[in-house]
Number of protein chains: 2
Amino acid sequence: MTKPSHSIDAVERDVGLTKDVLRKWERRYGFPSPGRDCHGDRVYSDDEILRLRLIKRLIDQGRRPGALVALDRAQLEQLLESAGDVAPSQCPIAADVARLLRDRRVPELRTTLNQLLLRQGLRHFVQDTIAPLNVAIGEAWLRGDIEIAEEHLYTEQIQTVLRSAIAMQTGAGASPRILLTTLPDELHALGLLMVEAMLVCEGATCIALGTQTPAADLGAIGEGNAFDVLALSFSSAFPRRRAVDGLIALRTRLPASIPIWVGGSGISGYRPTVDGITVFRNLDSIVPALQQWRSRGLS
Amino acid sequence: MTKPSHSIDAVERDVGLTKDVLRKWERRYGFPSPGRDCHGDRVYSDDEILRLRLIKRLIDQGRRPGALVALDRAQLEQLLESAGDVAPSQCPIAADVARLLRDRRVPELRTTLNQLLLRQGLRHFVQDTIAPLNVAIGEAWLRGDIEIAEEHLYTEQIQTVLRSAIAMQTGAGASPRILLTTLPDELHALGLLMVEAMLVCEGATCIALGTQTPAADLGAIGEGNAFDVLALSFSSAFPRRRAVDGLIALRTRLPASIPIWVGGSGISGYRPTVDGITVFRNLDSIVPALQQWRSRGLS
DNA sequence: CTTCCAACTTTGTCCAGGACAAACAGTGCG
DNA sequence: CGCACTGTTTGTCCTGGACAAAGTTGGAAG
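These lines cover the structure that appears in this document, whether it is placed above or below. (Residues numbered from 1 in each chain as written. Chains lettered and ligands numbered in written order. Predicted model: local features only at pLDDT ≥ 70, side-chain atom pairs only at ≥ 80, totals over all residues. Heavy atoms only, no water.)

## A short note on the overall build of chain A
This is how it is decided: By the criteria applied, helices consist of DSSP H or I runs no shorter than four residues and strands consist of E runs no shorter than two, each listed in order from the N terminus. Any two residues having at least one pair of non-hydrogen atoms within 4.5 Å are treated as being in contact. Methods summary: accessible areas were calculated by the Shrake-Rupley approach with a probe of 1.4 Å, and residue burial reflects only the protein chains presented.
Scanning chain A for helices and strands turns up 11 helices and seven strands. Long-range contacts, defined here as pairs at least 24 residues apart, represent 68% of the contacts in chain A between residues at least 6 apart. Of the roughly 14,100 Å² that chain A leaves accessible, carbon and sulfur atoms contribute 50%.

Spelled out as structure tokens, the structure:
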């Protein structure tokens, strides 16, 4: 029996909803309805946390909380599957990886990943192995099948593998030089790293700024002429409206000679209304875009 | 002239003080005293942000806010220097690195770092180059000499260099197997990576769990017998009391055969009251400890 | 003179309830 | 069918207060 005592602070970190939102929902919808400890502080149950995780993900997909809070776990999972976001068991090695993570068999895990990397090459490794694996591991966490510690362990290993592969491929300042980052508030390092791997793999030079770069800084950097392309990535947790607004603001501030490339599930389906913004639906499409950029540069 | 408009949300992210704390201070001490925009929301000035950064760091060193809020920037900087925490210009290459960061000359930066790594070897590279460089860059940010974007860029490059070096050195499961992480709330990835580099460099196997591992998970993991040593790192931002309490709790939960190693500026000066906890004052002392562990294992 | 305990002060986190603009979902008109 | 307008939903910020945990101080006891 696990003890169902989670403070509002722990829930905020775990689920990713702020304390203000958690309290507002409780008042407005009656969910969650945590108990209270001896100080009158909220105490959330395991079930509430799992439901909140599911609801959070559905909201990130564009749904609204009002209609979700009444549903139970099974219904929420059904909704998620119907969205096609999660394609269960699409990833053949996911089960093996999850087992290695649970048993903390790190050397074996790293060996497995490195072998796959060697066999498939960096590009296909990222597209066909890492991408579906990320989805599978994220879903395992959502279900409560693995702990946060295990997800951290996973992230660490993937980072190590990708970063060393990137370091090995990186030449000496080949063009185009691509500035790679996200808008402020955005925080999904792994997605950025995957894009960087794809780009480096095709001979580009990446200047990765990490996550949460202030927008003002980006504009200022553009004037330095230190890069040829600005690439941005948005996770699904990022509100689309803010992404679009930020994009347009950036577009007007940057010189027209610098194209903006955008990707990530937070922006999929968006049709740019301005010239000079390209949206990528998947990792594959980066490669032809790079080739096109190069030939355009020569013509 | 920079526009001095920062929302409370931006300040929270930049400085690392929660909205609740910022409002409490304003009411209690009269500092900060932000203006208000047309909606009545707080608007902080650049100077307030810089002072708040300095105050935050002093608090992390163990001081208390009441006596700090009345001081101006010069006085706060003096306090920081008198604490000896910041040894200015101890790092000869810091100025060069800062310039490369500002100009976004990433390939040169990476070349510089890699050359130093080759010349010094991983161990001395971490001790003599990265460690003082981190301090210098942190101080540059504190002073407002570099932007957050540049600090991100720095972190990215260091991560890449260290992670590839680690990946290269990692053999196939040599002992001891060391579980490396921090307690929850702790979030300084670079420090962990430096420790990992030192350990791997001496032939140990690291199971790096990343930051913010829930304490409950750590206890559970101990029973799996998947590692020989538990290593924890605390940054100075972590309240010492919670570190000590967490340590003792962990010590009672883990089998006595697994030593706990602790380091980081957040715990320096602590004398363990229980057997089976070792505190490291600096990165050097890890190496003899490893050798001692090995010889103990053989005897 | 040091050690230890109790009372007091400081400080961060949580709580309640309210205001409000931005985002979203319709609805009717051209 | 597209577009402007209106109503509802929703997240963030606000004020002001309660309280325990952490830190400090003063005095009694060794």
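## Points about unusual backbone geometry
Residue and element names in this part refer to chain A. In this model, Phe 31 is joined to Pro 32 through a cis peptide bond whose omega is -10 degrees. Structurally, Pro 32 is set in the loop between α2 (19-29) and β1 (35-36). Even without glycine at this site, Arg 104 takes up a positive phi of about 60 degrees. Note on placement: Arg 104 falls in the loop between α5 (94-102) and α6 (106-143).

## Describing the packing of helix α3 (residues 46-60) of chain B against helix α4 (residues 73-82) of chain B
Residue and element names in this part refer to chain B. Spelled out, the test is: Lines fitted to the C-alpha atoms define the axes, with helices restricted to the stretch that makes contact. Angles between their N-to-C directions range from 0 to 180 degrees. Oblique is the label for any angle not under 35 degrees, not over 145, and not in the 65 to 115 range, which are roughly parallel, roughly antiparallel and roughly perpendicular in turn. For any helix crossing, the convention is left-handed if the near helix is rotated counterclockwise from the far helix by under a right angle, and right-handed if that rotation is clockwise. Any residue that is not Ala, Val, Leu, Ile, Met, Phe, Trp, Tyr, Cys, Pro, Asp, Glu, Lys or Arg is counted as polar, Gly included; the first ten are nonpolar and the last four charged.
In the contact formed by α3 and α4, the axes pass within 10 Å of each other and the chain directions differ by 25 degrees. For the element pair α3 / α4, the angle class is roughly parallel. Considering how the two elements wind past one another, α3 and α4 form a crossing that is left-handed. Residue-level inspection shows Asp 47, Leu 50, Arg 51, Leu 54, Ile 55, Arg 57 and Leu 58 of α3 in contact with α4, the latter providing Arg 73, Leu 76, Glu 77, Leu 79 and Leu 80. Per-class residue counts for the contact of α3 with α4 are seven nonpolar, no polar and five charged.

## Concerning the nonpolar core
Inclusion rule: For this analysis, a nonpolar core means a set of buried residues of the types Ala, Val, Leu, Ile, Met, Phe, Trp, Tyr and Cys, connected via side-chain atoms within 4.5 Å. The buried label goes to any residue with under 20% of its type's maximum accessible area, the exposed label to any with over 50%, and the partly exposed label to all in between, with areas taken from a 1.4 Å probe on protein chains only.
With 91 residues, the main nonpolar core has Ile 260 and Ile 267 of chain A together with Leu 162, Leu 199 and Trp 261 of chain B as its most contacted residues. No other element matches the 14 residues that helix α6 (residues 106-143) of chain B contributes to this core. If sequence neighbours within four positions are ignored, Leu 199 of chain B has contacts with Ile 178, Ala 204, Cys 206, Trp 261, Ile 286 and Leu 290 of chain B. Among the nonpolar cores identified, the runner-up in size contains 90 residues, and Val 200 of chain A together with Leu 183, Phe 234 and Leu 254 of chain B belong to it.

## Observations concerning the protein's contact with DNA strand C
Short version of the rule: Being near a molecule or strand, for a residue, comes down to having at least one heavy atom within 4 Å of it. Polar contact criterion, stated in full: a pair of N or O atoms within 3.5 Å, where within protein one must be able to donate a hydrogen and the other to accept it, and residues adjacent in sequence count only if both atoms are side-chain atoms.
If you check the shell around DNA strand C, you find 23 residues, and the closest are Arg 23, Arg 27 and Arg 42 of chain A together with Trp 25 and Arg 28 of chain B. A share of 74% is what sugar and phosphate atoms reach among the atoms of DNA strand C within 4 Å of the protein. Between DNA strand C and Trp 25 of chain B there is a distance of 2.7 Å, counted from a phosphate oxygen to a side-chain nitrogen or oxygen. Here a phosphate oxygen of DNA strand C sits 2.9 Å away from a polar atom, N or O, in the main chain of Gly 66 of chain B. Elements with a minimum of two residues in the surface near DNA strand C: α1 (8-15) and α2 of chain A together with α2 (19-29) of chain B. No other element matches the six residues that α2 of chain B contributes to the surface near DNA strand C. The residue makeup of the surface near DNA strand C, split by class, is five nonpolar, four polar and 14 charged.

## Re the environment of Gly 121 of chain A
Mapped onto the elements, Gly 121 of chain A comes out in helix α6. Separated by 80 residues in the primary sequence, Gly 121 of chain A and Cys 201 of chain A have C-alpha atoms spaced 9.3 Å apart.

## Concerning the protein's contact with DNA strand D
Taken together, 23 residues sit near DNA strand D, with Trp 25 and Arg 28 of chain A together with Arg 23, Arg 27 and Arg 42 of chain B positioned nearest. For DNA strand D, the fraction of protein-proximal atoms (within 4 Å) that sit in sugar or phosphate groups is 70%. Between Arg 28 of chain A and DNA strand D, the recorded distance is 2.7 Å, taken from a side-chain N or O atom to a base oxygen. The separation between a sugar or linking oxygen of DNA strand D and a polar side-chain atom of Arg 64 of chain B is 3.4 Å. Only α2 of chain A together with α1 (8-15) and α2 of chain B provide two or more residues apiece to the surface near DNA strand D.

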